[in-house]
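Residue strings, one per chain:
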Amino acid sequence: MNSEITPHTCLPEPKLAFHPDRGADRTAHPLRGLLEFGPHSAGLVPDPIRVATISPSGDSIRLNEFMRGLNSTFMPRERRDYVPEWPGFRSVFGLHMHAAGRNCRVELDAHLEPELRGALKPHAVVAERLTRAIHGLEARRSEFDVLFIYLPERWAAGFQGGPDDDFDLHDHLKAATAARRMPIQIVREGSALAYTCRASVMWRMGLALYVKAGGIPWKLADTEPDTAYIGISYATRPMGSDRPRFVTCCSQVFDEEGSGLEFIAYDAREVEVQRDNPFLSQTEMFRVMTRSLDLYRRRHAGRSPRRVMVHKTTEFKPEEVAGCMEALHLGEAVDLVQVVDDVGWRGVRVDKSRDSRKKGTVAAYPVARGTVVELGPREALLWTHGDVRGITQRSYFKGAKSTPKPVRLVRHAGHGPWDDTVRAVLGLSKMNWNNDSLYDSLPVTMAYAKVLARVVKRMPSLGSTPYQFRFFM
């Protein structure tokens with residue numbers, strides 16, 4: 001038995017595009033790209049961005065001060081090798097942002113505080129009062145673009161439900177507002193107002209505000225034309241729910257630039273559960289892929305994709321493969337790829353010795369991001385987390401601790417070299433507009449799928465129209 005594995009290859013860090021026509025407006029660093037070139041959708045977002053607010057009694061001043069900070073300048077106090085100075089919202093995005101009219105600034109009544117302290121289910125009290133305030137703003141929806149909701153730490157008892165309550169306040173609010181096509185930004189006291197590095201907070205908050213207002217900060221620069229990327233995830237409802245028990249299915253469609261952040265969701269009824277994981281019947285998978293394909297066509301003037309890549313965390317059962325192939329038969333290539341995050345593999349970087357008689361020595365830096373090791377014709381390891389060159393003067397290792405682990409890619413359909421598959425996963429790991437990081441460990445198809453499934457299962461009705469992801473961020 002041969003214990004050797006195939007030689008590794010290393011892909012370059014994907015670059016991002018910051019202008020639809022100027023090909024030179026590209027770089028691998030998302031934040032520096034915004035500073036140098038501006039956002040990809042410059043001129044297409046209404047100016048100014050108007051922000052409505054909901055805050056506890058007496059806390060509107062704190063929230064307004066925080067919002068004014070978006071127009072101020074801050075130097076980074078952490079990740080200084082990566083995070084640049086925050087020069088103010090207008091300097092980054094070329095837009096103004098300010099508070100909406102007085103009627104769009106809501107303060108909750110002072111009776112909420114004692115009611116919350118004495119409640120058996122504080123999460124129900126907070127949820128009801130915030131939902132009521134959101135309903136009140138619906139009549140003024142045309143007067144604001146994004147809603148900020150301030151949650152102080154003294155309300156922490158209402159952020160989660162009890163052991164028997166499937167409740168999360170963040171997801172509850174997202175579900176309530178997404179159904180109304182109302183983008184919101186939840187501002188936590190502990191993670192926003194009290195966080196020490198204001199530059200990091202403002203970069204994250206500024207990006208979120210721009211995207212939720214309809215902007216596109218960047219796209220992938222080097223892509224394969226006429227390719228659709230689809231991510232599938234599932235969420236289980238509680239036993240007592242009167243809705244279908246097992247799963248809500250979310251399917252996202254991204255275009256070849258990774259920017260088509262739209263998705264569809266529906267209750268799947270023909271489901272087989274194995275080891276607590278749901279798997280779709282051939283008919284259900286056909287329905288999912290058909291709707292995803294229709295969504296892609298609507299975004300591309302009726303044109304079908306030449307190639308389709310489908311990602312999910314569990315394996316593709318034969319029935320699911322058959323359903324995909326039946327729906328996607330017009331495409332030239334279909335890749336069904338399982339993305340496994342929890343793996344036991346690790347890698348150590350070894351520098352070659354100058355002395356040919358000696359073995360190499362362990363390097364001072366970890367395995368490079370973009371390293372690919374093929375385990376066979378159907379499996380490969382891809383280091384989406386690791387050392388990156390060219391971002392700073394030295395090597396850049398996000399987090400600067402631990403040994404980076406790879407993701408395991410298992411191809412259940414598709415053939416040929418791994419190049420296109422791993423390049424797509426690596427590129428899509430840079431397309432999360434909901435943070436300021438250089439990359440995520442998972443492609444955006446998987447990272448967003450988890451968020452979508454968690455929120456969508458709480459929506460009272462799903463409907464048949466596509467949703468934009470900015471309502472769920």
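No experiment lies behind these values; they were computed from the predicted model shown. (Residues numbered from 1 in each chain as written. Predicted model: local features only at pLDDT ≥ 70, side-chain atom pairs only at ≥ 80, totals over all residues. Heavy atoms only, no water.)

What should I look at first to understand the overall build of the protein in this one?
For the protein, the helix and strand inventory stands at 12 helices and 24 strands. Computed over its C-alpha atoms, the radius of gyration of the protein comes to 23 Å, within 12% of the 23 Å expected for a compact globule of 473 residues. Expressed as lengths along the three principal axes of its C-alpha atoms, the size of the protein is roughly 75 × 55 × 45 Å. Across the 473 residues in the protein, those meeting the buried criterion constitute 54%. Contacts in the protein between residues far apart in sequence, at least 24 positions, make up 70% of those at least 6 positions apart. Looking at the protein as shown, the accessible area adds up to about 21400 Å², and 50% of this sits on carbon and sulfur atoms. Positive and negative charge centroids in the protein, built from 66 and 57 side chains respectively, lie 4 Å apart. (Helix = DSSP H or I, 4+ residues; strand = E, 2+ residues; numbered from the N terminus. Rg over C-alpha atoms; globule rule 2.2 N^0.38 Å. Buried < 20%, exposed > 50% of the residue type's maximum accessible area, 1.4 Å probe, protein only. Contact = heavy atoms within 4.5 Å. Areas by Shrake-Rupley, 256 points an atom, 1.4 Å probe, with all protein chains shown as cover. Lys, Arg positive; Asp, Glu negative; His and termini not counted. Charge placed at Lys NZ, Arg CZ, Asp CG, Glu CD.)

I'm lost on unusual backbone geometry in this one. Help?
Among all residues save glycine, negative phi is the norm, and among peptide bonds the norm is trans. A cis amide bond links aspartate 47 with the next residue in sequence, proline 48, at an omega value of 10°. Within the element layout of this structure, proline 48 appears in the loop between helix H1 (30–37) and strand S4 (49–55). A positive phi angle, near 55°, is found at arginine 181, a position not held by glycine. Here arginine 181 shows up in the loop between helix H6 (169–178) and strand S8 (184–188). With a phi angle near 55°, aspartate 226 is a residue other than glycine that sits in the positive phi range. Mapped onto the secondary structure, aspartate 226 falls in the loop between strand S9 (219–220) and strand S10 (227–235).

How do you make sense of the sheet that holds S9 when you look at a structure like this?
Within a sheet, neighbouring strands are paired by backbone hydrogen bonds and run either parallel or antiparallel to one another. What the 3 strands build is an open sheet, ordered S3-S2-S9; its pairing is antiparallel. On the outer flanks of this sheet lie strand S3 (26–27) and S9, each paired with one strand and no other. (Pairing = 2+ DSSP bridges.)

Just checking my understanding: could you explain helix H5 (residues 122–138) for this structure?
It helps to recall that an α-helix has 3.6 residues per turn; residues three or four apart then point in one direction. Look at H5: 25 Å from first C-alpha to last across 17 residues, which is about the 24 Å you get at 1.5 Å a residue. For H5, the complete set of buried residues consists of Pro122, His123, Val125, Val126, Ala127, Arg129, Leu130, Thr131, Ala133, Ile134 and Leu137. Those residues of H5 that are buried lie in contact with S4, strand S6 (105–107), helix H4 (112–117), strand S7 (146–151) and H6. (Expected span 1.5 Å × (residues − 1).)

Please clarify how the pairing of strand S13 (residues 271–274) should be interpreted in this entry.
Successive side chains on a regular strand alternate, one facing one side of the sheet and the next facing the other. The pairing of S13 with strand S14 (residues 277–280) spans 4 bridges and is antiparallel. For valine 271, the partnering residue across the bridge sits in S14 and is leucine 280. Linking S13 back to S14 in an antiparallel pair, the connection comprises 2 residues, with arginine 275 at a positive phi of about 50°.

Please explain the nonpolar core as it appears in this structure.
One broad trend across soluble globular proteins is that nonpolar side chains are buried collectively. Ile49, Trp86, Phe89, Phe148, Leu209 and Phe472 are the most contacted members of the largest nonpolar core, which has 70 residues in total. With 9 residues, helix H8 (residues 198–212) is the largest single contributor of residues to this core. In this structure phenylalanine 148 touches Val51, Ala52, Thr53, Ile54, Leu63, Met67, Gln185, Val187, Met205 and Leu209, once residues within four positions along its chain are discounted. Counting residues in each nonpolar core, the second largest holds 27 residues, with Ile230, Val288, Cys324 and Leu336 among its members. (Core = buried A, V, L, I, M, F, W, Y, C linked by side-chain atoms within 4.5 Å.)

Where do I start with a nonpolar patch on the surface in this structure?
Residues Val348, Val350 and Val362 make up a contiguous nonpolar surface patch of about 290 Å² in total accessible area. As for its position among the elements, valine 348 is in the loop between strand S16 (333–340) and strand S17 (350–351). Residue classification places valine 348 among the exposed residues on the basis of a relative accessible area of 58%. (Patch = residues over 30% accessible without salt bridge, like charges linked within 9 Å, V, L, I, M, F, W, Y side chains within 5 Å. Salt bridge = Lys/Arg side-chain N within 4 Å of Asp/Glu carboxyl O.)

I would appreciate a short explanation of the packing of aromatic side chains in the present structure.
In this description, an aromatic ring pair is defined by two values, namely the gap between the centres and the angle between the planes. Applying the stated criterion to the full structure yields 7 aromatic pairs. Between tyrosine 82 and tyrosine 396 the ring centres are 5.4 Å apart and the planes differ by 25°, which places this aromatic pair in the stacked class. In this pair, tyrosine 82 sits in the loop between helix H2 (60–69) and helix H3 (89–93) while tyrosine 396 sits in strand S22 (residues 396–397), placing the two residues 314 residues apart along the sequence. Residue tyrosine 396 is classed as buried on the basis of its relative accessible area, which comes to 4%. Judged by centre distance (3.8 Å) and plane angle (15°), the rings of tyrosine 448 and phenylalanine 469 are stacked. Taken together, the residues span a long stretch of sequence, with tyrosine 448 in helix H12 (residues 444–456) and phenylalanine 469 in the segment after strand S24 (467–468) at a distance of 21 residues. Comparing tyrosine 448 with phenylalanine 469, the two get one shared label, buried. (Phe/Tyr/Trp six-rings, centres within 6.5 Å; stacked < 30°, edge-to-face > 60°.)

Sorry, what's going on with the pattern of salt bridges here?
If the charged atoms of two oppositely charged side chains come close together, the side chains can form a pair. For the coordinates displayed, the defined rule picks out 35 salt bridges. Across the salt bridge formed by glutamate 13 and lysine 430, the nearest N and O atoms sit 2.9 Å from each other. Here glutamate 13 is found in the loop between strand S1 (9–10) and strand S2 (16–17), whereas its partner lysine 430 is found in the loop between helix H11 (419–428) and H12, with 417 residues between them in sequence. With respect to class, glutamate 13 is no different from lysine 430; both count as buried. Taken together, the salt bridges that share partners define one network made up of Glu224, Arg306, Arg307, Glu332, Asp335 and Asp420.

So what exactly am I meant to see when it comes to the side chain of lysine 312 here?
Inspection of the secondary structure puts lysine 312 in strand S15 (residues 307–312). A relative accessible area of 0% places lysine 312 in the buried class. A distance of 2.8 Å separates the side chain of lysine 312 from the side chain of threonine 314, its partner in a polar contact. Once you skip the residues sitting within four places of it in the chain, lysine 312 turns out to touch Ile232, Tyr234, Phe279, Glu320, Val337, Gln338, Val339 and Met446. (Polar contact = N/O pair within 3.5 Å; in protein donor to acceptor, adjacent residues only side chain to side chain.)

Please clarify how the environment of leucine 95 should be interpreted in this entry.
As for its placement among the helices and strands, leucine 95 is situated in the loop between H3 and strand S5 (97–99). With relative accessibility at 7%, the residue leucine 95 sits in the buried group. Residues leucine 95 and glycine 43, spaced 52 residues apart in sequence, show a C-alpha to C-alpha distance of 8.7 Å. Among residues more than four places away in sequence, those in contact with leucine 95 are Val45, Pro46, Asp47, Ile49, Phe89, Arg90 and Tyr210.

Got a minute to help me understand the packing of H5 against H6 in this structure?
Axis separation between H5 and H6 bottoms out at 11 Å; the angle between their running directions is 25°. With respect to their mutual orientation, H5 and H6 come out roughly parallel. Between H5 and H6 lies a crossing of right-handed hand. Seen from H5, the contacting residues are Val126, Ala127, Leu130, Thr131 and Ile134; seen from H6, they are Leu169, His172, Leu173 and Thr177. (Axes fitted to C-alpha atoms, helices over the stretch in contact; angles between N-to-C directions. Parallel < 35°, antiparallel > 145°, perpendicular 65-115°, else oblique. Left-handed = near helix turned anticlockwise from the far one by under 90°.)

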